Amino acid sequence: QVQLVESGGGLVQPGGSLRLSCAASGSIFRIIAMNWYRQAPGKERELVAVINSGHSINYADSVKGRFTISRDNAKNMVYLQMNTLKPEDTAVYFCNARLYTNETYWNDYWGQGTQVTVSS
(Lines give C-alpha, C1' and ligand atoms only; values in the text may rest on other atoms or scores of the structure.)
Protein backbone atom coordinates (compact mmCIF):
# COMPACT_ATOMS: atom_id res chain seq x y z
CA GLN A 1 0.00 0.00 0.00
CA VAL A 2 1.07 3.55 -0.74
CA GLN A 3 -0.23 6.64 1.03
CA LEU A 4 0.06 10.28 0.02
CA VAL A 5 -0.76 12.94 2.58
CA GLU A 6 -1.00 16.62 1.67
CA SER A 7 -0.78 19.56 4.05
CA GLY A 8 -0.46 23.32 3.94
CA GLY A 9 -3.72 24.47 2.39
CA GLY A 10 -5.84 27.24 3.81
CA LEU A 11 -7.34 30.67 3.28
CA VAL A 12 -5.11 33.43 1.94
CA GLN A 13 -5.70 36.90 0.55
CA PRO A 14 -4.97 37.69 -3.10
CA GLY A 15 -1.26 38.30 -3.57
CA GLY A 16 -0.39 36.06 -0.66
CA SER A 17 1.59 32.83 -0.50
CA LEU A 18 1.11 29.27 0.63
CA ARG A 19 3.36 26.22 0.65
CA LEU A 20 1.85 22.80 0.11
CA SER A 21 3.62 19.62 1.17
CA CYS A 22 2.98 16.00 0.23
CA ALA A 23 4.53 12.99 1.90
CA ALA A 24 4.56 9.59 0.22
CA SER A 25 4.91 6.47 2.35
CA GLY A 26 4.41 2.73 2.19
CA SER A 27 5.62 0.16 -0.35
CA ILE A 28 7.71 2.48 -2.51
CA PHE A 29 10.42 0.96 -4.67
CA ARG A 30 11.12 3.93 -6.94
CA ILE A 31 9.29 7.16 -7.64
CA ILE A 32 9.01 8.14 -11.30
CA ALA A 33 7.33 11.51 -10.86
CA MET A 34 5.47 13.54 -8.29
CA ASN A 35 2.89 16.02 -9.45
CA TRP A 36 0.36 18.55 -8.23
CA TYR A 37 -3.12 18.77 -9.68
CA ARG A 38 -6.03 20.98 -8.73
CA GLN A 39 -9.77 20.92 -9.17
CA ALA A 40 -11.95 23.98 -8.85
CA PRO A 41 -15.72 23.73 -8.28
CA GLY A 42 -17.49 22.73 -11.46
CA LYS A 43 -14.25 22.21 -13.36
CA GLU A 44 -12.16 19.23 -14.36
CA ARG A 45 -9.00 18.32 -12.51
CA GLU A 46 -5.99 19.97 -14.11
CA LEU A 47 -2.26 19.41 -13.93
CA VAL A 48 -0.46 22.24 -12.13
CA ALA A 49 3.16 21.12 -11.90
CA VAL A 50 5.29 18.06 -12.58
CA ILE A 51 8.71 17.01 -11.30
CA ASN A 52 10.17 13.70 -12.39
CA SER A 53 13.02 11.59 -11.05
CA GLY A 54 15.52 13.53 -13.12
CA HIS A 55 14.16 16.76 -11.66
CA SER A 56 12.74 17.84 -15.00
CA ILE A 57 9.97 20.31 -14.24
CA ASN A 58 6.92 21.58 -16.08
CA TYR A 59 4.15 23.97 -15.11
CA ALA A 60 0.72 24.86 -16.35
CA ASP A 61 0.83 28.18 -18.17
CA SER A 62 -1.54 29.68 -15.62
CA VAL A 63 0.97 29.25 -12.77
CA LYS A 64 4.32 29.81 -14.49
CA GLY A 65 6.41 32.39 -12.69
CA ARG A 66 4.26 32.17 -9.54
CA PHE A 67 4.45 28.52 -8.42
CA THR A 68 7.55 26.46 -7.74
CA ILE A 69 7.58 22.67 -7.38
CA SER A 70 10.41 20.94 -5.56
CA ARG A 71 11.16 17.48 -4.30
CA ASP A 72 13.09 15.83 -1.49
CA ASN A 73 13.96 12.35 -2.74
CA ALA A 74 15.37 11.20 0.59
CA LYS A 75 12.07 11.93 2.33
CA ASN A 76 9.75 11.03 -0.58
CA MET A 77 8.21 14.46 -0.37
CA VAL A 78 7.11 17.05 -2.89
CA TYR A 79 6.35 20.70 -2.26
CA LEU A 80 4.47 23.43 -4.07
CA GLN A 81 5.40 27.00 -3.22
CA MET A 82 2.60 29.24 -4.40
CA ASN A 83 3.21 32.98 -4.59
CA THR A 84 1.16 35.89 -5.84
CA LEU A 85 -1.98 33.86 -5.42
CA LYS A 86 -5.10 34.84 -7.33
CA PRO A 87 -8.77 34.06 -6.67
CA GLU A 88 -8.73 31.78 -9.69
CA ASP A 89 -6.17 29.59 -7.90
CA THR A 90 -8.91 28.57 -5.49
CA ALA A 91 -9.29 24.81 -5.73
CA VAL A 92 -8.66 21.52 -4.01
CA TYR A 93 -5.03 20.63 -4.64
CA PHE A 94 -4.10 17.00 -5.03
CA CYS A 95 -0.73 15.34 -4.81
CA ASN A 96 -0.08 12.56 -7.32
CA ALA A 97 2.80 10.11 -7.48
CA ARG A 98 3.65 7.71 -10.27
CA LEU A 99 5.84 5.06 -8.74
CA TYR A 100 7.05 1.48 -8.73
CA THR A 101 6.10 -0.70 -5.77
CA ASN A 102 8.52 -3.37 -7.01
CA GLU A 103 10.87 -3.81 -9.98
CA THR A 104 8.08 -4.34 -12.51
CA TYR A 105 4.82 -2.84 -11.24
CA TRP A 106 4.01 0.89 -11.29
CA ASN A 107 0.83 2.81 -10.70
CA ASP A 108 -0.55 6.26 -9.98
CA TYR A 109 -1.45 7.18 -6.42
CA TRP A 110 -3.39 10.16 -5.08
CA GLY A 111 -3.64 12.08 -1.88
CA GLN A 112 -6.94 13.14 -0.34
CA GLY A 113 -6.54 16.77 -1.38
CA THR A 114 -6.10 20.03 0.48
CA GLN A 115 -8.29 23.09 0.03
CA VAL A 116 -6.72 26.36 -1.09
CA THR A 117 -8.98 29.41 -0.98
CA VAL A 118 -7.80 32.79 -2.23
CA SER A 119 -10.20 35.50 -1.15
CA SER A 120 -10.24 38.91 0.47
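Only a predicted model underlies this, so the values are computations on that prediction, with no experimental measurement involved.

The description of two aromatic rings rests on the distance between their centres and on the angle between their planes. Tallied over the full model, the rule gives 1 aromatic pair. Here R19 stacks its cationic end above the ring of Y79, 4.1 Å away from the centre of that ring. Across from the ring centre of F94, 3.7 Å away, lies the NZ or CZ of R45, which sits over that ring.

To continue, consider the state of the cysteines. The tally for this structure, following the rule as stated, stands at 1 disulfide. Bridging C22 to C95, the disulfide has an S-S length of 2.1 Å. In this structure, the disulfide formed by C22 and C95 twists by about -80 degrees around the S-S bond and is classed as left-handed. Of this pair, C22 sits in strand β3 (residues 18–26) while C95 sits in strand β9 (residues 91–100), and the two are 73 residues apart along the sequence. By the burial criterion, C22 is buried, and C95 matches it.

Here the focus is unusual backbone geometry. Located in the positive-phi region is N76, a residue other than glycine, with phi close to 55 degrees. Of note, N76 is situated in the loop between β7 (67–72) and β8 (77–82). For N76, a relative accessible area of 24% gives the class partly exposed. One non-glycine residue, T84, adopts positive backbone phi at about 45 degrees. Position of T84 among the secondary structure elements: in the loop between β8 and β9. The class for T84 is partly exposed, based on a relative accessible area of 45%.

Cut-offs and rules
Residues numbered from 1 in each chain as written. Predicted model: local features only at pLDDT ≥ 70, side-chain atom pairs only at ≥ 80, totals over all residues. Heavy atoms only, no water. Phe/Tyr/Trp six-rings, centres within 6.5 Å; stacked < 30°, edge-to-face > 60°. Lys NZ or Arg CZ within 6 Å of the ring centre and 35° of its normal. Disulfide = S-S within 2.5 Å. Helix = DSSP H or I, 4+ residues; strand = E, 2+ residues; numbered from the N terminus. Buried < 20%, exposed > 50% of the residue type's maximum accessible area, 1.4 Å probe, protein only.

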